[in-house]
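Listed below, chain by chain, are the residues.
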Amino acid sequence: FATFISVLFLTLFLLFLALFPGAFNCCMKISDEIPKGILRRVERFEIQKADGLCHLEAVILYIEGRKFCVSPRIRKVKKWMKKNKHKIPRKKPHGGKQRRTKIIKKK
């Protein structure tokens with residue numbers, strides 16, 4: 001009986017991971033301060049919304065394979081994101097529509 005419960009639990013856990021892949025990738029804590037010079041080393045960033053599985057609004061900064069969660073209300077971070085939004089790749093949101101370009105033929 002214990003084996004059955006273990007297999008059932010493992011199956012449900014794997015099903016949960018398949019249905020909600022971002023559930024364990026959310027920022028649980030955010031920093032209200034950011035060390036000097038860290039923004040210069042950012043490779044990419046994501047914006048975490050406080051909806052769905054993640055219950056905290058955050059900016060996720062990726063530096064050398066590490067993830068830093070900071071408050072989106074930090075003035076320095078807001079200014080940096082506005083300035084660098086085209087230079088640093090953001091992770092594309094899931095389920096977004098792809099932009100189609102219309103080709104117009106000249107007559």
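Residues numbered from 1 in each chain as written. Predicted model: local features only at pLDDT ≥ 70, side-chain atom pairs only at ≥ 80, totals over all residues. Heavy atoms only, no water.

1. Concerning the side chain of Gln48
With respect to the secondary-structure elements, Gln48 resides in strand β1 (residues 44-48). Reaching out from Gln48, the side chain makes a polar contact with the backbone nitrogen of Cys27 at a distance of 2.8 Å. For Gln48, the side chain forms a polar contact with the main-chain oxygen of Leu56, separated by 2.6 Å. Aside from chain neighbours lying at most four places away, what touches Gln48 is Asn25, Cys26, Cys27, Cys54, Leu56, Glu57, Ala58 and Ile60. (Helix = DSSP H or I, 4+ residues; strand = E, 2+ residues; numbered from the N terminus. Polar contact = N/O pair within 3.5 Å; in protein donor to acceptor, adjacent residues only side chain to side chain. Contact = heavy atoms within 4.5 Å.)

2. Examining the nonpolar core
If you look at the biggest cluster of nonpolar residues, it comprises 13 residues, and the most contacted ones within it are Ile34, Leu39, Val59, Leu61, Val70, Val77 and Trp80. Elements with a minimum of two residues in this core: β2 (58-63) and α2 (75-84). Core analysis: the second largest hydrophobic core is formed by five residues, Ala58, Ile60, Tyr62 and Cys69 among them. (Core = buried A, V, L, I, M, F, W, Y, C linked by side-chain atoms within 4.5 Å. Buried < 20%, exposed > 50% of the residue type's maximum accessible area, 1.4 Å probe, protein only.)

As far as function goes, none of this settles anything; it's purely spatial.
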